[in-house]
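Residues per chain are reported as follows:
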Amino acid sequence: ATIESMDGATEQVNELVAEVAKLKYELEAKVAECGESAAERNQLEIQLSETNTELSTQKNENESLRVMQKESDAQINELRATIESMDGATEQVNELVAEVAKLKYELEAKVAECGESAAERNQLEIQLSETNTELSTQKNENESLRVMQKESDAQINELRATIESMD
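Residues numbered from 1 in each chain as written. Predicted model: local features only at pLDDT ≥ 70, side-chain atom pairs only at ≥ 80, totals over all residues. Heavy atoms only, no water.

> Could you give an account of the overall build of the chain, naming the residues involved and the relevant values?
If you tally the helices and strands in the chain, you get 2 helices and 0 strands. Burial status across the chain gives 21% buried among its 167 residues. As displayed, the chain has an accessible area near 11,700 Å², and 50% of this comes from carbon and sulfur atoms. (Helix = DSSP H or I, 4+ residues; strand = E, 2+ residues; numbered from the N terminus. Buried < 20%, exposed > 50% of the residue type's maximum accessible area, 1.4 Å probe, protein only. Areas by Shrake-Rupley, 256 points an atom, 1.4 Å probe, with all protein chains shown as cover.)

So, in structure tokens, the structure goes:
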């Protein structure tokens with residue numbers, strides 16, 4: 001009965017050694033996967049920071065364009081009032097009409113530029129939202145991987161303790 005029990009114990013030890021090797025391999029794979037995930041998360045955080053900077057720049061530019069547009073409107077109104085108050089000063093009227101036309105053209109260009117800037121801002125907001133979603137997904141995945149790693153560590157420790165108790 002002693003030889004048979006030794007054969008059974010040897011078989012059990014061999015199975016446990018194989019299980020420990022398998023778990024070590026799985027643990028190494030998970031550690032590598034966590035490292036890759038962390039690097040991807042860091043890259044996403046950098047991209048998010050860059051996107052936030054660009055978004056801030058676009059918002060500032062839009063505000064500046066709005067101020068310029070208000071100033072142009074005020075100039076146009078002032079010039080129109082001047083034209084209306086002038087009688088017989090044809091040359092001056094013609095100059096002012098030309099100035100009004102020029103300012104209208106500049107205003108239209110700024111309005112178009114502002115529209116483009118708003119479209120770019122909207123695109124950046126979409127990208128920011130997508131980046132935030134991806135970042136959240138990566139954080140959740142990292143947490144899951146940490147839990148799996150802790151479980152693997154616990155299994156390895158349990159198996160080691162079993163092996164030690166058999167010595």
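> How would you explain the pattern of salt bridges if you had to name every residue and give the values?
Scanning the model with the defined rule gives 3 salt bridges in all. Note that Glu 26 and Lys 22 form a salt bridge whose closest N and O atoms lie 3.8 Å from each other. Placement of both Glu 26 and Lys 22 in helix α1 (residues 2–85) is noted, with a separation of 4 residues, approximately one turn of the helix. Overall, Glu 26 belongs to the partly exposed group, its relative accessible area being 33%. (Salt bridge = Lys/Arg side-chain N within 4 Å of Asp/Glu carboxyl O.)

> Describe a nonpolar patch on the surface, and please don't skip the residues or the numbers.
There is a patch of nonpolar side chains on the surface, built from Val 13, Val 17 and Met 166 and spanning about 220 Å² of accessible area. Tracing the backbone through its elements, the reader meets Val 13 in helix α1. On the basis of relative accessible area, Val 13 is assigned to the partly exposed category, the value being 34%. (Patch = residues over 30% accessible without salt bridge, like charges linked within 9 Å, V, L, I, M, F, W, Y side chains within 5 Å.)

> Just give me the short version of a negative patch on the surface, but keep the residues and values in it.
A cluster of acidic side chains, namely Glu 36, Glu 40, Glu 134 and Glu 141, defines a negative patch on the protein surface. Counting only elements with at least two residues in the negative patch, the list comes to α1 and α2 (90–166). Looking at the secondary structure, you find Glu 40 in helix α1. (Lys, Arg positive; Asp, Glu negative; His and termini not counted. Charge placed at Lys NZ, Arg CZ, Asp CG, Glu CD.)

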